[in-house]
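# Residue-level structural notes
One-letter residues, chain by chain:
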Amino acid sequence: MKSNVALVCLSTFLLETAASRPRLLLSDSIRLTREDIGNFSAINFGDENTVSHYNNQTTECKVFPGDEAWPAPEEWARLNETLGGALLRPKPVAAACYQGPDFDEAECTFLLTNTSSSHYWLDDPLVALTQWSQGATCPLLSDPQGNCTRGGFPEYVVNATSVKHIQAAVNFARNKNIRLIIKNTGHDFGGRSIGAGSLSIWTHHLKEMEFIPSYSIGQYTGMAVHLGSGVESWEEHNFMADHNISFVSPGCGTVGGVGGWMSAGGHTTITSTYGLGADQVLSLGVVTASGEYVTADPFTNTDLFFAMRGGGATYGIVTSAIYKAYPPITVTSSSLQLTLSDTDTPGAGIITDADTFWQGVGAYYRFAAQILDAGGYGFSYIYPGANQTFRFTTSSSFLDTNPDSVFTFMQPLYDNLANLSINTTNPTIRSSSIYGSRGTGIGPAPGNTRYRSRLLPRANWDDDALWDKTISAIRTATEAGFDNDFYFHGTLTSPTLAAAGWPGNAAAVNPAWRQNRMHAMLMDAAPAQSADRDAMFGTYMDLLREASPGAGAYMNEGDPGEPEWQQAFYGANYGRLLEIKRVRDPWGLFWAPTTVGSEGWAVRSVDGYKESQNGRLCRVAQGRE
């Protein structure tokens, strides 16, 4: 069942959209044909119109290595032939540090000393940048104990450089009932880019970009960019510099701008003015669960166009996107740091009284509402130290505003801090920068970051009692951070419906974003996760939830163990999204934790931790209802 526009309007819409439709990216134009398939039935296309979610629940689990139904080597070889050699079966690179057949001392030394601030790990087909969700079965260590095993890493990887590669992989996984995952850059903090016994589609090398000086569709006429789904933010910024334009792009340079970042919303420095990443989309290239390539835009495949802009990534695989583009944007930033010290050493921003410190933090956060209403952005951390000491640091960014005006704007905050007896001065701002300045692709090494978060609404800033409850929750949680190995991170942005514009204002973005003031995060850095640790965090997260009833959370930087995640991550959109998911993917092919419809399946983890992806994917009881 496909969504259609009314026939009375169809001819007008088709003329309007066709008039400015750009050429296909080369990667989108190379597609799987009937000649490619031949007699290889394992890569035949599917037909979602002949399958129902409700009558397609005969198998309990996805086929797993060692099962009788697991494809024979000859079938994998034939798939690789169809793919032109793009099928990989890589070993975990850290195996070089473990005693055994893959031990390589020189390679291990290189990994330990030369890859921590580079692009190396982004270019690895297996690695997600969070190790705990994989099962931590082969972490990079200088003197590891035990063996390196595959754990939650996929069995095979398709290094996709065309739609054809994606179509063949989708069809093979669906027809063979193999778990399928999608990986772009590996910036994944919830176990969505890995999975034991899976076939992975790696979209990292879909790198084409095209500037469109004039593009018209529906209510939008203006500049646009056409981006492959593997393009990273630093590459987008270089492209902006090349063409003297700006468009909404992830804040971290090695995050992909068209993958999971966009599909769950996507916030960054300019979202209070221009809307979220999902709000920028004018058209998508998508491979569906049936293996077909389609275009989704405001007038074509409108169900997919709605769902894939903010509603998660498991309705199809995005291969490319057309985004709105804007004239060059300048950014002017002002910084503030406060320190709660256990000594009397004087200095700017040094505070010795805990209540005064937290009053200062609260003064900034409440003042930030004015920054957001001016189209700005705040980026803050609170780091706990020994003996209940803390360091608060923040940067406030303004768009197309000169340094003197930013200084004047910020002065009332510093007057308030002075009234609290906090010794700090409004910093002189020397210059502004271009949003879209050139950069390089320097990324992190794998670690164990885990987010637990809450989108705190503007109502909490407008009501004194709610505000007191909010800052008390932040304080109580953060004060537990030193003993429990976590810290607080708050990003402040207000991507309202007005900022979203058309067609973003009709996207599946979590409604909590439209009322947001602060994306409040407890940042876990512990080397291992456990049920006990989840319970500890639950105590502090409940304080934030109680301070923001009915709000939500951001899935990309949220907890895969989030209670009532359907409401938290999707809000009132969940029912509609679930129906789209069941129509578009009745096979349950596209699955990842906390994505729409994922409650019908669960990983039977071998390490006993329920959020681990190291185990077989099987149906749960409610999935048969």
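The present account deals with the structure reproduced in this document. Bear in mind the structure is a predicted one, so any value in this text is a computation, not a measurement.

### So, the overall build of the chain
What the chain contains, in helices and strands, is 20 helices and 19 strands. The C-alpha atoms of the chain give 25 Å as radius of gyration, which agrees with the globular expectation for 625 residues (25 Å, within 12%). Dimensions along the principal axes, computed over C-alpha positions, put the chain at roughly 80 × 65 × 50 Å. Within the chain, the proportion of its 625 residues that are buried is 59%.

### Observations concerning the environment of E68
Position of E68 relative to the elements: it lies in the loop between α3 (34–37) and α4 (73–82). Separated by 207 residues in the primary sequence, E68 and G275 have C-alpha atoms spaced 50 Å apart.

### Overview of the nonpolar core
Ranked by internal contacts, the top residues of the largest apolar core, which has 54 residues, are V225, F247, L284, Y315, Y323, Y570 and L577. With sequence-adjacent residues up to four places away left out, V225 is seen in contact with E210, F211, F239, I245, F247, A321, I322, Y323 and A325. With 45 residues, the next largest nonpolar core counts Y365, A369, L372 and L544 among its residues.

### As for the pattern of salt bridges
Applying the stated criterion to the full structure yields 28 salt bridges. With its nearest N and O atoms 3.5 Å apart, the salt bridge here joins K164 to D36. Here D36 lies in helix α3 and K164 lies in helix α6 (residues 163–176), a separation of 128 residues in the sequence. Assessed through its relative accessible area of 27%, D36 is described here as partly exposed. A salt bridge links R452 to D534; the nearest nitrogen and oxygen atoms lie 3.0 Å apart. Of the two residues, R452 is situated in strand β15 (residues 450–457) and D534 in helix α18 (residues 531–546); the sequence distance between them amounts to 82 residues. As far as the burial class goes, R452 and D534 line up, both buried. When salt bridges with common partners are traced through the structure, they connect R450, R452, D524, R533, D534 and D559 into a single cluster.

### Here we look at the sheet that holds strand β9 (residues 316–324)
Spatial strand order, β5-β6-β9-β7-β8: 5 strands in an open sheet with antiparallel pairing. Each of the sheet's edge strands pairs with one partner strand only, and the pair in question is β5 (209–217) and β8 (293–296). Averaged over all pairs of adjacent strands, the angle between their axes in this sheet comes to 25°, without regard to strand direction. Across the face of the sheet, α6 comes into contact with β7 (281–288), β8 and β9 while running at roughly 45° to β7. Docked against the sheet, helix α16 (residues 497–504) engages β5, β6 (220–228), β7 and β9, running at close to 110° with respect to β9.

### Some points on the state of the cysteines
What the rule picks out here adds up to 3 disulfides. Bridging C61 to C618, the disulfide has an S-S length of 2.0 Å. Residues C61 and C618 are joined by a disulfide whose S-S torsion is about 100°; by sign, that bridge is right-handed. You can see C61 sitting in the loop between α3 and α4 and its partner C618 sitting in strand β19 (residues 615–619), a full 557 residues away along the chain. Per residue, the accessibility class of C61 equals that of C618, and both read buried. Here C97 is linked by a disulfide to C108, with a sulfur-sulfur distance of 2.0 Å. Taking the sign of the S-S torsion, about 105° here, the bridge from C97 to C108 comes out right-handed. Taken together, the positions of C97 in the loop between β1 (87–88) and α5 (105–114) and C108 in helix α5 put the pair 11 residues apart, joining distant regions of the chain. You'll find C97 and C108 in the same group, each marked buried. Once the bonded cysteines of the chain are numbered in order along the sequence, the disulfide links fall as 1-6, 2-3, 4-5.

### Brief notes about the packing of helix α11 (residues 354–373) against helix α12 (residues 403–419)
Contact geometry of α11 with α12 gives a least axis separation of 10 Å together with a crossing angle of 160°. Looking at the two axes, α11 sits roughly antiparallel to α12. Between α11 and α12 lies a crossing whose hand is right-handed. Residues G360, A363, Y364, F367, Q370 and I371 of α11 touch α12, and the partners they reach there are F409, M410, P412, L413, N416 and L417. When grouped by side-chain class, the residues that make up the contact of α11 with α12 number 9 nonpolar, 3 polar and no charged.

### Concerning unusual backbone geometry
A cis amide bond links W502 with the next residue in sequence, P503, at an omega value of 0°. One non-glycine residue with positive phi stands out, namely S421, at about 65°. Mapped onto the secondary structure, S421 falls in the loop between α12 and β14 (433–435).

### Regarding the pairing of strand β10 (residues 329–340)
As judged from the 3 bridges shared by β10 and β14, these two strands associate in the antiparallel manner. In the strand pairing of β14, T330 is matched with I434. Strand direction decides the pairing type here: β10 and strand β11 (residues 350–351), joined by 2 bridges, are parallel. Its bridge partner lying in β11, L340 is registered against I351.

### Things to note about the side chain of D297
Looking at where D297 falls in the secondary structure, it is placed in the loop between β8 and α10 (302–307). A distance of 2.8 Å separates the side chain of D297 from the backbone nitrogen of F299, its partner in a polar contact. A distance of 2.8 Å separates a polar side-chain atom of D297 from the backbone nitrogen of T300.

### Brief notes about the packing of helix α14 (residues 464–479) against α18
As a packed pair, α14 and α18 sit with axes 9 Å apart at the nearest point and diverge in direction by 170°. The angle between α14 and α18 falls in the class roughly antiparallel. For the pair α14 and α18, contact is made by K469, A473, I474, T476 and A477 and by Y540, L543, L544 and E546, respectively. A per-class count over the contact of α14 with α18 returns 6 nonpolar, 1 polar and 2 charged.

### Concerning the environment of W502
Along the chain, the position of W502 falls in helix α16. Residue classification places W502 among the buried residues on the basis of a relative accessible area of 19%. When the C-alpha atoms of W502 and P298 are compared, they prove to be 9.7 Å apart, with 204 residues separating the residues in sequence.

### Points about the sheet that holds strand β3 (residues 179–183)
Spatial strand order, β1-β2-β4-β3: 4 strands in an open sheet with mixed pairing. Across the chains shown, the open sheet's two edge strands, defined by having one partner strand only, are β1 and β3. Where β3 meets strand β4 (residues 198–202), 5 bridges bridge the pair, whose relative direction is parallel. Looking at the pairing, R179 lines up with S198 of β4.

How each quantity is defined
- Residues numbered from 1 in each chain as written.
- Predicted model: local features only at pLDDT ≥ 70, side-chain atom pairs only at ≥ 80, totals over all residues.
- Heavy atoms only, no water.
- Helix = DSSP H or I, 4+ residues; strand = E, 2+ residues; numbered from the N terminus.
- Rg over C-alpha atoms; globule rule 2.2 N^0.38 Å.
- Buried < 20%, exposed > 50% of the residue type's maximum accessible area, 1.4 Å probe, protein only.
- Core = buried A, V, L, I, M, F, W, Y, C linked by side-chain atoms within 4.5 Å.
- Contact = heavy atoms within 4.5 Å.
- Salt bridge = Lys/Arg side-chain N within 4 Å of Asp/Glu carboxyl O.
- Pairing = 2+ DSSP bridges.
- Axes fitted to C-alpha atoms, helices over the stretch in contact; angles between N-to-C directions.
- Disulfide = S-S within 2.5 Å.
- Parallel < 35°, antiparallel > 145°, perpendicular 65-115°, else oblique.
- Left-handed = near helix turned anticlockwise from the far one by under 90°.
- Nonpolar A, V, L, I, M, F, W, Y, C, P; charged D, E, K, R; others polar.
- Polar contact = N/O pair within 3.5 Å; in protein donor to acceptor, adjacent residues only side chain to side chain.

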